[in-house]
Amino acid sequence: ILRAALRADGPTAADNLHAALRSVGALSQADVGRWINGMLAAGRWGTAYAHWVSGLEDTPDTLPLLQNGDFSRPISSHGFDWRLRRTNGVVAGRIDAPGGGHALRMTFLGRNVGHTGLEQPLLLAPGTYRLELNARTRDLRSHRGLEWQLTCSDNRTRIASGATIQRQREWTPLQLGFEVPAENCEGQWLRLVNPAPRGVAQALRGELQISGVSITFWG
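Residues numbered from 1 in each chain as written. Predicted model: local features only at pLDDT ≥ 70, side-chain atom pairs only at ≥ 80, totals over all residues. Heavy atoms only, no water.

When you go through the protein chain residue by residue, the secondary structure sums to four helices and 10 strands. Scanning the protein chain from its N terminus toward the C terminus, one meets helices and strands in the order α-α-α-α-β-β-β-β-β-β-β-β-β-β. When each of the 219 residues of the protein chain is scored for burial, the buried share is 43%. Counting contacts in the protein chain only where the partners sit at least 6 residues apart, residues at least 24 apart contribute 71% of the total. (Helix = DSSP H or I, 4+ residues; strand = E, 2+ residues; numbered from the N terminus. Buried < 20%, exposed > 50% of the residue type's maximum accessible area, 1.4 Å probe, protein only. Contact = heavy atoms within 4.5 Å.)

Right, dumping it as structure tokens:
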């Protein structure tokens, strides 16, 4: 009955109710995640971001364009944080990085993998940006390495792909310049993917470590 009433009253009523429940601690993280995901699915990325930010603790005056790029916090897989989707043949988790700080370690078990499961929704205004990160590998065996892919929220409009990770035995800085179009791209997805063609060419084995991921506005 409650869901039917919310659908009848429209998204604003649902947002107000969810926000009120969250303010008194009556909304679980999973419920908040479903609420935010529903707004993303409906194309309401700006509203989703505003509600997600309002629920953060110790929010800085200026939020980075990409969240938790240093992996200082556990990955929540909710809102505009990193998301790790369960993927056959991939085991991922946060580790301590040499010299302090944290990194993300992804271990590949020899299965065919297209999308590694690592992604983050973004809310970037039209303009030119640069993605930067550090990566290293351990016995990574792949046909074409791994690359970062940016698309608009429709998952069809490709923005850019690159910053390819192959066999970086030591920590290596990588970067990718890209431009967010002025129309029909309110939100974006950043994903780590395997660009090899489907089939046995997508087999991945070995280990990847990532740290210091950031996006900078360039004009």
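We now examine the pattern of salt bridges. Taken as a whole and judged by the stated rule, the model has three salt bridges. Residues arginine 191 and glutamate 119 are paired through a salt bridge, measuring 2.7 Å at the closest nitrogen-oxygen approach. Taken as a pair, arginine 191 in strand β9 (residues 188-193) and glutamate 119 in strand β4 (residues 115-122) lie far apart in primary sequence, 72 residues in all. Each member of the pair, arginine 191 as well as glutamate 119, carries the same accessibility label: buried. A salt bridge links arginine 130 to glutamate 132, with the shortest nitrogen-to-oxygen separation between them at 3.6 Å. Residue classification places arginine 130 among the partly exposed positions, given a relative accessible area of 22%. A relative accessible area of 26% places glutamate 132 in the partly exposed class. (Salt bridge = Lys/Arg side-chain N within 4 Å of Asp/Glu carboxyl O.)

Attention now goes to the nonpolar core. Leu131, Leu133, Trp148, Ile165, Phe178, Leu192 and Ile210 are the most contacted members of the largest nonpolar core, which has 36 residues in total. Those elements that place two or more of their residues in this core are β3 (102-112), β4, β5 (127-141), β6 (146-152), β7 (158-165), β8 (172-180), β9 and β10 (203-217). Excluding its chain neighbours within four sequence positions, the residues that come into contact with leucine 133 are Trp148, Ala163, Ile165, Thr172, Pro173, Leu174, Ile210, Ser211, Gly212 and Val213. Counting residues in each nonpolar core, the second largest holds 12 residues, with Trp35, Trp45, Leu63 and Phe80 among its members. (Core = buried A, V, L, I, M, F, W, Y, C linked by side-chain atoms within 4.5 Å.)

As a further point, take the environment of arginine 86. Within the secondary structure layout, arginine 86 lies in the loop between β1 (83-84) and β2 (90-96). Judged by its relative accessible area of 89%, arginine 86 falls in the exposed class.

What follows covers the sheet that holds β8. The strand order across the open sheet built from five strands is β2-β3-β10-β5-β8, with neighbouring strands paired in antiparallel fashion. Whereas interior strands pair on both sides, the edge strands pair on one side only; in this sheet they are β2 and β8. The mean inter-strand angle of the sheet, taken between neighbouring strand axes irrespective of direction, is 30°. As defined by bridge partners, β3 adjoins β10 across seven bridges and the pair is classed as antiparallel. When the bridges of β10 are listed, leucine 109 appears paired with arginine 205. (Pairing = 2+ DSSP bridges. Axes fitted to C-alpha atoms, helices over the stretch in contact; angles between N-to-C directions.)

The backbone phi angle of asparagine 68 is positive, close to 55°, even though this residue is not glycine. Residue asparagine 68 is classed as buried on the basis of its relative accessible area, which comes to 4%.

Summarising the element assignment, valine 53 is placed in helix α4 (residues 45-54). Each C-alpha atom of the pair valine 53 and leucine 63 lies 9.0 Å from the other, and the pair is 10 residues apart in sequence. The residues touching valine 53, leaving out its near neighbours within four places in the chain, are Thr59 and Leu63.

Looking now at the packing of aromatic side chains. Enumeration according to the criterion identifies nine aromatic pairs in this entry. Look at tyrosine 49 and phenylalanine 80: their rings are 5.0 Å apart centre to centre, the planes differ by 85°, and that puts the pair in the edge-to-face class. With tyrosine 49 in helix α4 and phenylalanine 80 in the loop between α4 and β1, this residue pair connects regions lying 31 residues apart in the sequence. Residue class for tyrosine 49 comes out partly exposed when judged on its relative accessible area of 21%. (Phe/Tyr/Trp six-rings, centres within 6.5 Å; stacked < 30°, edge-to-face > 60°.)

This brings us to the sheet that holds β1. The strand order across the open sheet built from five strands is β1-β4-β9-β6-β7, with neighbouring strands paired in antiparallel fashion. Strands at the two margins of the open sheet, each flanked by one partner only, are β1 and β7. Relative to β4, β1 is paired through two bridges, and the arrangement is antiparallel. Note that in β4 the partner of arginine 83 across the bridge is glutamate 119.

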